[in-house]
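# Structural overview for review
So the chains spell out like this:
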Amino acid sequence: MTTTLAIANQKGGVAKTTTVASLGAALAELGHSVLLVDLDPQACLTFSLGIDPEDLEVSVHQVLTRGTDPTEVILTTEDGVDLLPATIELARAEADLLTRTGREHVVKGVVEDLDGAYDWVLLDCPPSLGVLTVAALTAANGVLVPLQCETLSHRGVGQLLDTVHDVRRYTNKRLEVWGVLPTLYDGRTNHSRTVLETIAATYSLDVVEPPIPKTIKFAEAPAAGRSILATSRSSKGAQAYREVAANLVERAARPSRTRGKAATGAGDQG
């Protein structure tokens, strides 16, 4: 059975794409077959895995808007994961899909077309709450929210949870909030720890452990076209993502708890 996980936060700069690439590589290390789907028109995930979006003739845009077979577009990367890449063309997808009946289900249809070929499908959502993010959430079993441990970084969490609540109500009753993943974390400061405690208490969300430490190693990895697990295998950042991946595998094996605390917390905020 495929586990489809959306990594979403409408705020930029929270290490969302880094999380998708690193978790994908970590899951592959554990022996899982993994597909990463770049749903961001900026194509940062595609670029960070060593593929120049400008060299691509087809991308996820054609898959979503023209019905192109995803297997004709999927690329193999050096990190042991497959990628459904993006290009700037994806910026037109919102407009192309806006008047289409069933637009919320276009990503779900792609995952279903792959017919269980992967153990994990990780969806890198754009930094917005538009059509593509809603379509990703409609396709997903769970949503993981990378969150920078700074005071202003969690201001949009309530809006995201409201969107999750609406998706669960109208298009995907099985969607669960798996929790927040602390990123750019500096454990030496009381501020980072306080922000985490505030998030957990305010939104009744689980905190996925361990926090991802703040390190320059993450900035160096995309330049090499690889994830940090390849460019700095023994770093604290790489090891943290390995531990998170192992915890997510364990989480995926648990029975569904759609009516549980982490799920019902969505939509309770104004």
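Residues numbered from 1 in each chain as written. Predicted model: local features only at pLDDT ≥ 70, side-chain atom pairs only at ≥ 80, totals over all residues. Heavy atoms only, no water.

### Points about the pairing of strand β5 (residues 120–124)
- Within β5, 5 of the 5 residues are buried, which leaves it mostly tucked inside the rest of the structure.
- Here β5 shows no split at all, with W120, L122 and D124 on one side and V121 and L123 on the other all buried.
- Pairing of strand β2 (residues 34–38) with β5, which is carried by 5 bridges, proceeds in the parallel orientation. Opposite L36, over in β5, you have L122 as the bridge partner. (Buried < 20%, exposed > 50% of the residue type's maximum accessible area, 1.4 Å probe, protein only. Helix = DSSP H or I, 4+ residues; strand = E, 2+ residues; numbered from the N terminus. Pairing = 2+ DSSP bridges.)

### Structural notes on the packing of helix α5 (residues 106–113) against helix α6 (residues 131–139)
- One way to put it is that α5 packs onto α6 with a least axis distance of 7 Å and a crossing angle of 45°. Taken together, α5 and α6 sit at an angle that is classed as oblique. Note that α5 runs across α6; the crossing there is right-handed. Counted together, V106, V107 and K108 of α5 and A135, A136, T138 and A139 of α6 form the full contact between these two elements.
- Each residue belonging to the contact of α5 with α6 can be placed in one class, and the counts come to 5 nonpolar, 1 polar and 1 charged. (Axes fitted to C-alpha atoms, helices over the stretch in contact; angles between N-to-C directions. Parallel < 35°, antiparallel > 145°, perpendicular 65-115°, else oblique. Left-handed = near helix turned anticlockwise from the far one by under 90°. Contact = heavy atoms within 4.5 Å. Nonpolar A, V, L, I, M, F, W, Y, C, P; charged D, E, K, R; others polar.)

### Let's talk about the pattern of salt bridges
- One pass over the full model with this rule turns up 7 salt bridges.
- Between K16 and D124 there is a salt bridge; the shortest N-O distance is 2.9 Å. Of this pair, K16 sits in helix α1 (residues 16–29) while D124 sits in strand β5; the two residues are 108 residues apart in sequence, bridging distant segments of the chain.
- Classification of K16 as buried rests on a relative accessible area of 7%.
- With its nearest N and O atoms 3.1 Å apart, the salt bridge here joins E29 to R233. Remark: R233 occurs in the loop between α10 (228–231) and α11 (236–252) and E29 occurs in helix α1; sequence separation between them is 204 residues. (Salt bridge = Lys/Arg side-chain N within 4 Å of Asp/Glu carboxyl O.)

### Considering the environment of T3
- In this structure, T3 sits in strand β1 (residues 3–7).
- Residue class for T3 comes out buried when judged on its relative accessible area of 14%.
- Between the C-alpha atoms of T3 and V106, which are 103 residues apart in sequence, the distance is 17 Å.
- Not counting chain neighbours up to four residues away, the residues in contact with T3 comprise D119, W120, V121, N141, W178 and A252.

### Some details on the nonpolar core
- Membership of the largest hydrophobic core comes to 48 residues, with the highest contact counts inside it found for L64, L84 and L123.
- Counting residues per element, this core draws most heavily on α6, at 7 residues.
- Excluding residues within four positions of it along the chain, L64 makes contact with L39, L90, L97, R100, V106, V107, V110 and L132.
- L23, A26, L36 and I212 belong to the second largest nonpolar core, which has 32 residues in total. (Core = buried A, V, L, I, M, F, W, Y, C linked by side-chain atoms within 4.5 Å.)

### Looking at the confidence of the model for the chain
- With 94% of its residues at a pLDDT of 70 or more, the chain shows a mean pLDDT of 90.
- Residue range residues 258–270 is modelled with pLDDT below 50. Its contacts to residues more than four positions away, or to other chains, number 32 contacts. (pLDDT = per-residue confidence, 0-100.)

### Some points on unusual backbone geometry
- Here the bond from E209 into P210 is cis, since omega is -5°, no more than 30 degrees from zero.
- Along the chain, P210 turns up in the loop between α8 (190–203) and α9 (217–224).
- The phi dihedral of A43 falls on the positive side, at around 55°, and the residue is not glycine.
- Counting through the fold element by element, A43 comes out in the loop between β2 and α2 (44–48).

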